[in-house]
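So the chains spell out like this:
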Amino acid sequence: IMQATVQQRAGRAVASGRSSRNVAVNMHAVGSSVAPAVVSPSVVSLAKRRELRQSVKAQSAATANKTAVPTTASSNGAGTKVMIIGGDGYCGWASALHLSARGYKVCIVDNLCRRNFDLQLGLDTLTPIASIHDRVKRWGEISGKHIELAIGDICDWEFFGDAFSSFAPDAVVHFGEQRSAPYSMIDRQRAVFTQNNNVIGTINVLYAIKDLKPDCHLVKLGTMGEYGTPNIDIEEGYITITHNGRTDTLPYPKQGGSFYHLSKVHDSHNIHFAARAWKVAATDLNQGVVYGVRTEETVADPLLINRYDYDGIFGTALNRFVVQAAVGHPLTVYGKGGQTRGYLDIRDTVRCIQIAIDNPAKAGEMRVFNQFTEQWSVNQLAEIVGREGKKLGLNVQVTNVPNPRVEAEEHYYNAKNTKLQDLGLKPHLLQDAMVDSLLEFALQYKDRVRHELIKPAVDWRKSGTKVNTMQAAVSK
């Protein structure tokens, strides 16, 4: 009941263009008996929800006596206190478990807005995820590790200041932003929410560090999309320029391709200013497109499973293609398919977070790491998924659909990404076995796929002032 109330409040707040305020604070691991996955009532019938609840319970009971903390876990965290903002999300949840398993003291801060986006738009994760309370409770049961939990909105200073002071983190990992470019382009309301939520939230984090814990290291999740697709090499955050006989090293020019990407650009500028003015130590991780769902910790128990988005609003390219192949839907390539981006495995995301924490920036330094391991075009990804799908007996077709985005479809792209590997990252590359594993995972849950959510429904050119909630997820 409490969680439903939290979701309803947050849903009303987002619908009115505001973040939820003072939802709840609970600075200890919480939860009751195993609860069902959170599923949109507009998507799944009551009978189906009951079936999902029994399925999750049964899977949990079957593994209760044989799950254990991953064998590679160590105590190299040495009690370092890490606050993970957005710890209920795709990257945040995997990172929270990864760090907890390795000896870091973790506190998750989340307002559960990502779950409410699904409820508002009629979306659903491919995987039947449990509530954050039951996730944290189950992790404690099988690992003996304690994760603190604070439910609330970082845009609400009263809540966030209290939560930050109470935990007093050594490092704060900031995932807590609206992360979808299509979501930010649904309509004016979502564009305003995205910028307000992301930019104001980050400013509050900066003030919390300045006034409450000046030696706290900020690890901020940016995006490679901040750079756009320039016709020159993309450096890691800074570029040295000689102009009219004078030379300087400056932040690399930014060309965000949506209101979401531009919110990240604003974040970067604000963090850069705070580092100069207040001596904040910050690491900005410009992350590429993440794929995959399994990490050592998230597969340790069914209640720990991560979300997997395949729809046209929150689903990333490779994850979407894999699901499309599994259910016999043509792979939807936007436009010409030459769009090239940096990609990385979710297992590398969590490792990058740990590397950044273990090797903090200096006071007054804002360093930038380009967080990806390989570059692929959309056409190349479709070719890989098609080839591997056929090995599994799938009839994989590819179709080019009109591009809903305003972007170059054929372009030069060469981004640098050496700094994290210099600090010890050993990448998981996109090999055939990885695609096979993703396809098998998608096949396992293919009965949960809603085909009408696959095609893109948000067109950059048609974003307007009219609230577009009902038409945002399903293409006409």
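Residues numbered from 1 in each chain as written. Predicted model: local features only at pLDDT ≥ 70, side-chain atom pairs only at ≥ 80, totals over all residues. Heavy atoms only, no water.

## Let's talk about the side chain of threonine 194
Its place among the elements puts threonine 194 in helix α8 (residues 188-212). Once residues lying within four places of it in the same chain are set aside, the contact partners of threonine 194 are Gln178, Tyr183, Ser184, Phe259, Tyr260 and Ser263. (Helix = DSSP H or I, 4+ residues; strand = E, 2+ residues; numbered from the N terminus. Contact = heavy atoms within 4.5 Å.)

## Section: the packing of aromatic side chains
Inspection of every chain in the model, using the stated rule, returns 11 aromatic pairs. Ring plane angle 70 degrees and centroid distance 6.4 Å describe the contact between tryptophan 157 and phenylalanine 160, whose orientation is recorded as edge-to-face. Of this pair, tryptophan 157 and phenylalanine 160 both sit in helix α6 (residues 157-167), 3 residues apart, roughly one helical turn. Under the relative-accessibility criterion, phenylalanine 160 is labelled buried at 0%. The rings of Phe117, Tyr183, Phe193 and Phe314 are connected pair by pair, giving a single aromatic cluster. Over the ring of phenylalanine 167 we find lysine 81, and its NZ or CZ is 5.2 Å from the ring centre. Above the face of the tryptophan 278 ring, lysine 210 is positioned so that its terminal group lies 5.4 Å from the ring centre. (Phe/Tyr/Trp six-rings, centres within 6.5 Å; stacked < 30°, edge-to-face > 60°. Buried < 20%, exposed > 50% of the residue type's maximum accessible area, 1.4 Å probe, protein only. Lys NZ or Arg CZ within 6 Å of the ring centre and 35° of its normal.)

## Comments concerning the pattern of salt bridges
Scanning the model with the defined rule gives 31 salt bridges in all. Of the charged contacts, one joins arginine 138 and aspartate 301 as a salt bridge, the two residues approaching to 3.0 Å between their closest N and O atoms. Of the two residues, arginine 138 is situated in helix α5 (residues 132-143) and aspartate 301 in the loop between β9 (289-291) and α10 (317-327); the sequence distance between them amounts to 163 residues. Each of the two residues, arginine 138 as well as aspartate 301, counts as buried. (Salt bridge = Lys/Arg side-chain N within 4 Å of Asp/Glu carboxyl O.)

## Observations concerning empty space enclosed by the protein
If you walk through the whole model with that rule in mind, you get 5 cavities of 30 Å³ or more. The computed volume of the second largest cavity comes to approximately 50 Å³. Lining the second largest cavity, in full, are Tyr90, Arg179, Arg307, Tyr308, Asp309, Phe314, Gly315, Thr316 and Asn319. Classifying every residue of the lining of the second largest cavity gives 3 nonpolar, 3 polar and 3 charged. (1 Å grid on protein atoms, 1.4 Å probe; cavity = no way out; pocket = protein on both sides within 12 Å on 5 of 7 lines; lining within 4 Å. Points joined across faces, edges and corners; volume = space filled by probe spheres on them. Nonpolar A, V, L, I, M, F, W, Y, C, P; charged D, E, K, R; others polar.)

Coordinates in, geometry out; function isn't part of it.
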